[in-house]
Amino acid sequence: MDTVDYFPIEVEEVSWQSAGEQLTAIRHKVFVEEQGVPVAEEVDDLDPTAMHWIAFGPGNVAMATARMLPDGQVGRMAVLKPYRQRGVGSSIMRNIIRYAIREGKEQLVLSAQLHAIPFYEGFGFISDGKEYLDAGIPHRTMVLNLHRFMDNAPKPLLREISDEERQRVGIEGVDEFRDQAVMLVERAQREIRIFTFKLEPGIYANNQFCDAIYSFATSHPLARVRILVKDLAQVIHQTPQLHELCLRLPSRIQIRKLETKEDCLHTEFMLVDRTGILYKQEPERFVGYVVPHAPLEAVELVEEFDNLWEQGELDPDLRRLHI
C-alpha cells in the first residue's frame, strides 16, 4: 500500500469482466462529464482484452483507474477530481510499470494529454512524435523503455542450504501434505507451480495455506502462482478461498485447465522457485515426499509443467479470473 501525507491508497489489478461497472463509472465521470469525450469513444472493444487497475482510498472508495493493452499501450488513466494531487495517479503508474516488467514488456506507450506530460516524464517517459488531436483534445505519444528497470530488478537473496533441506522426506496423509505445502509456500520467493487433477480441499482450502499464498503473492511484484488443474468446476465449489484469491489477484495467481491428449506420468506436485518439490506418488492415496532443495529434479518438472501450461485453457466458468 502506498501512502502520501497519511492518505491511504491501495491499488488492485482487476479485469473488465469483474470490475467493468466501477471502471466505467470513473471513466465516464472524468472523460465524458468533465472533458466532453463522446460516450461511444470512451468504451471500446479493447477493454475486455486489457489489464485494468483501480485505486481505492479511505472507506474502500474507488478513486482512479487505468488500463494496459497486451501490446504495452497504457491508457484510460482517470482520477476523480476530489482525489487529484494526492499521489493516486502515481500509485497506479508504479503498479503498471511493475506489472509490465514482470510480464517481460520492453516498453510502455501512451497517448498523453499535454497538461499530463510532466507527470509521465517523472516516470521516465519520453515524448515521441508531434502533437495530435484525440477526441478533440491535444495529445502527444510518450514511450518508456523498461530495460533499465529490468536490469535493476531485485534478485532473490541467496542463502546457505543445509543438508536437511536436501533430503527427501516421505509423507503420508492429507494433513502432512497440507503442512508441507504451507512450509514450501512460506519459503517461496518468486514462483509457485501446482499441478493436480483435483485440488484437495484439505490441502488447498484451509486458512493456513490460503494465507500463505496471499502473503507470497503480495510480497513482491514479480511473485507468481500458477495452478494447472483438470477439474476447474471443483475449484469454484470446493476451494472457494483459493478461488477468491484468484479473483482478487488475477495477474499473480492464475489457474488453467489441464488440456492434453497425452498420458501424463504425474499425479500431483507443487514446485517452489525451481528448487522445492512436494510430490504425490499415488492417484488414490496421499503418499509421496517433500524435498525443499532439489534443483536438478525440480527443473525437469518445471519444464514439463510449463509445456502443459502452454497447452492449458481458461475454462468459461473462470473467465473472471483473467483478462
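Residues numbered from 1 in each chain as written. Predicted model: local features only at pLDDT ≥ 70, side-chain atom pairs only at ≥ 80, totals over all residues. Heavy atoms only, no water.

Caption draft 1: Seen up close, the packing of helix α6 (residues 174-187) against helix α8 (residues 207-217). Axis separation between α6 and α8 bottoms out at 9 Å; the angle between their running directions is 15°. With respect to their mutual orientation, α6 and α8 come out roughly parallel. For α6 against α8, the interelement crossing comes out left-handed. Taken together, the residues of α8 that come into contact with α6 (itself represented by A181, V182, V185 and E186) are Q208, F209, A212, I213 and F216. (Axes fitted to C-alpha atoms, helices over the stretch in contact; angles between N-to-C directions. Helix = DSSP H or I, 4+ residues; strand = E, 2+ residues; numbered from the N terminus. Parallel < 35°, antiparallel > 145°, perpendicular 65-115°, else oblique. Left-handed = near helix turned anticlockwise from the far one by under 90°. Contact = heavy atoms within 4.5 Å.)

Caption draft 2: Expanded view of the environment of M77. Secondary-structure assignment places M77 in strand β5 (residues 73-79). Under the relative-accessibility criterion, M77 is labelled buried at 17%. Expressed as a C-alpha distance, the spacing of M77 and A64, which sit 13 residues apart in the sequence, is 7.5 Å. Setting aside its immediate chain neighbours within four residues, M77 contacts F31, T65, A66, G89, I92, M93 and Y120. (Buried < 20%, exposed > 50% of the residue type's maximum accessible area, 1.4 Å probe, protein only.)

Caption draft 3: Region of interest: the sheet that holds strand β16 (residues 287-291). With respect to topology, seven strands assemble into an open sheet ordered β10-β16-β15-β14-β11-β12-β13, the strand pairing being mixed. Of all strands in the sheet, those bounded by a partner on one side alone are β10 (169-172) and β13 (253-257). Taken pair by pair, the neighbouring strands of this sheet meet at an average axis angle of 15°, ignoring direction. Along the sheet face, α8 touches β11 (191-196), β12 (224-229) and β13 and points at about 140° away from the line of β11. In the packing of helix α11 (residues 295-311) onto the sheet, the strands contacted are β11, β12, β13, β14 (268-272), β15 (276-280) and β16, and the crossing angle to β12 comes to about 70°. (Pairing = 2+ DSSP bridges.)

Caption draft 4: Geometry of the side chain of T267. Along the chain, T267 turns up in the loop between β13 and β14. Not counting residues within four places of it along the chain, the set of residues in contact with T267 comprises F195, T196, F197, K280, Q281, E282 and P283.

Caption draft 5: Broad picture of the pattern of salt bridges. According to the stated counting rule, one finds 20 salt bridges in the structure shown. Its salt-bridge partner being R193, residue E191 comes within 3.2 Å of it at the nearest N-O pair. Among the charged side chains, a network of salt bridges with common partners joins R27, E42, D44, D47, R67 and R76. (Salt bridge = Lys/Arg side-chain N within 4 Å of Asp/Glu carboxyl O.)

Caption draft 6: Geometry of the nonpolar core. Counting residues in hydrophobic clusters, the biggest one holds 46 residues, and the most contacted among them are I92, M93, I96, L108, Y120 and F125. For I96, the residues in contact, after removing those within four places along its chain, are W53, A66, M68, V74 and L108. Counting 34 residues, the second largest nonpolar core, distinct from the first, contains F177, Y204, A217 and V229. (Core = buried A, V, L, I, M, F, W, Y, C linked by side-chain atoms within 4.5 Å.)

Caption draft 7: Spotlight on the pairing of β5. With five of seven residues buried, β5 is to be regarded as a mostly interior element. Alignment of strand β4 (residues 62-68) against β5, held across four bridges, turns out to be antiparallel. By the bridge assignment, T65 is partnered in β5 with A78. Counted between consecutive antiparallel strands, the loop separating β4 from β5 contains four residues, among which G72 sits at a positive phi close to 90°. Where β5 meets strand β6 (residues 107-113), two bridges bridge the pair, whose relative direction is parallel. Paired with V74 across the bridge in β6 is L110.

Caption draft 8: Quick look at the layout of surface pockets. Considering only enclosed or pocket space, the largest pocket measures out at about 1,000 Å³ in volume. In this structure, the largest pocket is lined by 37 residues; those nearest its centre are F31, M77, A78, Q113 and Y120. Listing elements by their share of the lining of the largest pocket, those giving two or more residues are α1 (16-34), α2 (39-42), β5, α3 (88-102), β6, α4 (117-121) and β9 (137-145). If you tally residues by element for the lining of the largest pocket, the top one is β5, at seven residues. Considering only residue class, the lining of the largest pocket consists of 18 nonpolar, eleven polar and eight charged. (1 Å grid on protein atoms, 1.4 Å probe; cavity = no way out; pocket = protein on both sides within 12 Å on 5 of 7 lines; lining within 4 Å. Points joined across faces, edges and corners; volume = space filled by probe spheres on them. Nonpolar A, V, L, I, M, F, W, Y, C, P; charged D, E, K, R; others polar.)

These figures capture arrangement, not role.
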